[in-house]
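For reference, the chains in residue letters:
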Amino acid sequence: MGENMEKTVNKKHKGKHDKPKPWDEDPNIDHWKVEKFDPFWNEGGMLEVSSFSTLFPQYREKYLQEAWPMVKGALKEYGVSCELNLVEGSMTVSTTRKTRDPYIIVKARDLIRLLSRSVPAPQAIKILDDEMQCDIIKIGNLVRNKERFVKRRQHLVGPNSSTLKALEILTGCYILVQILMVKKELEKDPALANENWDRKNVKQKKVKSKEKKPYTPFPPPPQPSKIDKLLESGEYFLSERKKESKKWQEKQEKQAEKTAENKRKRDAAFIPPEEPSRQNSSEAEDKTNDVAAMAKSLKEKAKKLRKQKFAENINPEEYIAASGEKPSKKKKSK
């Protein structure tokens, strides 16, 4: 009985779960079709704010400023906010309460990356569609020799970008080869030789320059440990009783110093102020004498001024007539 039961349990039925599925029976269903996102799938919106930022070169500043309303309007349809910071040279995208599609923020991140890499705004906005994807391939480090790299890049672009256009038609993709000019190449042009390529009004972090210490082949001496310090002072060989007595003694000495200092501060309040010395009194007298002499000279000058004004106001005819008459003698009253 037991052997028969084991055989029935271990027996496997092939194709037990291979039943026809309802979506396999209908030939009109496209299993590879990517359905467009429906906002009703996420009516609650996003719980947290997600944001991405990227920098852009200075030569893209003018174009981005003109094309930004177009970018802002395209992102607004998906409930994504965007910000263009011309001072720091950065673009930022972030989700809002109106955002429903959780993957749209990744698409918005790709959008600002493409805009920073010289892709035109109408082409970059296409990345917001679900069926569109992008890839950024760095080809600068593929070839070590710079001259060979420039030749191969030119072969890829072709004369008047004809090769690049042919590749776009064959692949059905938009392809852009970004040619970054080196500063030395720009300086060769006389019109751009004196141009300043640094971004203005950007607060750059100051790099702290560390002073290089003189090289020595020997390692630094090891720092003494607690036991080494106790051995130097001789406390290591003292008994516990002596150690405690020493600590108590040090504590008493510190307390005595503190009490003496407090007493000195209290006694300082009762010390009378120093009396002014004779030298100070003589200096004060000299100052008072100088003030008196100055006042006297000012009074004399004022008198002279009054006399001068009086002389100027006198009429000469009246003065002569008054000087010719003899003053009448007053009768003495009895």
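What you see is a predicted model, and the numbers here were worked out from it, not measured in a lab.

Cut-offs applied
- Residues numbered from 1 in each chain as written.
- Predicted model: local features only at pLDDT ≥ 70, side-chain atom pairs only at ≥ 80, totals over all residues.
- Heavy atoms only, no water.
- Axes fitted to C-alpha atoms, helices over the stretch in contact; angles between N-to-C directions.
- Helix = DSSP H or I, 4+ residues; strand = E, 2+ residues; numbered from the N terminus.
- Parallel < 35°, antiparallel > 145°, perpendicular 65-115°, else oblique.
- Contact = heavy atoms within 4.5 Å.
- Salt bridge = Lys/Arg side-chain N within 4 Å of Asp/Glu carboxyl O.
- Buried < 20%, exposed > 50% of the residue type's maximum accessible area, 1.4 Å probe, protein only.
- Core = buried A, V, L, I, M, F, W, Y, C linked by side-chain atoms within 4.5 Å.
- Patch = residues over 30% accessible without salt bridge, like charges linked within 9 Å, V, L, I, M, F, W, Y side chains within 5 Å.
- Areas by Shrake-Rupley, 256 points an atom, 1.4 Å probe, with all protein chains shown as cover.
- Lys, Arg positive; Asp, Glu negative; His and termini not counted.
- Charge placed at Lys NZ, Arg CZ, Asp CG, Glu CD.
- Pairing = 2+ DSSP bridges.

Side note on the packing of helix H6 (residues 146-157) against helix H7 (residues 162-171)
- Packing of H6 against H7 brings their axes to within 5 Å, and their N-to-C directions diverge by 55 degrees. The orientation of H6 relative to H7 falls into the category oblique. In this structure, H6 uses His155, Leu156 and Val157 to contact H7, whose residues at the interface are Ser162, Thr163, Leu164 and Leu167.

Describing the pattern of salt bridges
- The final tally for this structure, using the stated rule, is one salt bridge.
- Its salt-bridge partner being Arg109, residue Asp110 comes within 3.4 Å of it at the nearest N-O pair.
- The class of Asp110 is buried, set by a relative accessible area of 13%.

Here's the deal with the nonpolar core
- Membership of the largest hydrophobic core comes to 26 residues, with the highest contact counts inside it found for Leu75, Met91, Val93, Leu111 and Leu115.
- Considering each element in turn, this core owes the most residues, eight residues, to helix H4 (residues 104-116).

Considering a positive patch on the surface
- A contiguous patch of positive charge, built from Lys299, Lys301, Lys303, Lys304, Arg306 and Lys307, is present on the exposed surface.
- Assignment of secondary structure puts Lys304 in helix H11 (residues 278-313).

Here's the deal with the sheet that holds strand E3 (residues 90-95)
- Ordered in space as E1-E3-E2, the three strands form an open sheet in which the pairing is antiparallel. In this open sheet, the two strands that pair with only one neighbour each are strand E1 (51-55) and strand E2 (80-85). On average, each strand axis in the sheet is inclined to that of its neighbour by 15 degrees, with strand direction left out of account.
- For E2 and E3, the ladder comprises six bridges, and the chain directions are antiparallel. Counted as the bridge partner of Asn85 is Ser90 from E3.
- Packed onto the sheet, helix H3 (residues 61-76) meets E2 and E3 and runs at close to 165 degrees relative to E2.
- Relative to E3, H4 is tilted by about 170 degrees, and along the sheet it contacts E1, E2 and E3.

Taken by themselves, the reported measurements are silent on function.
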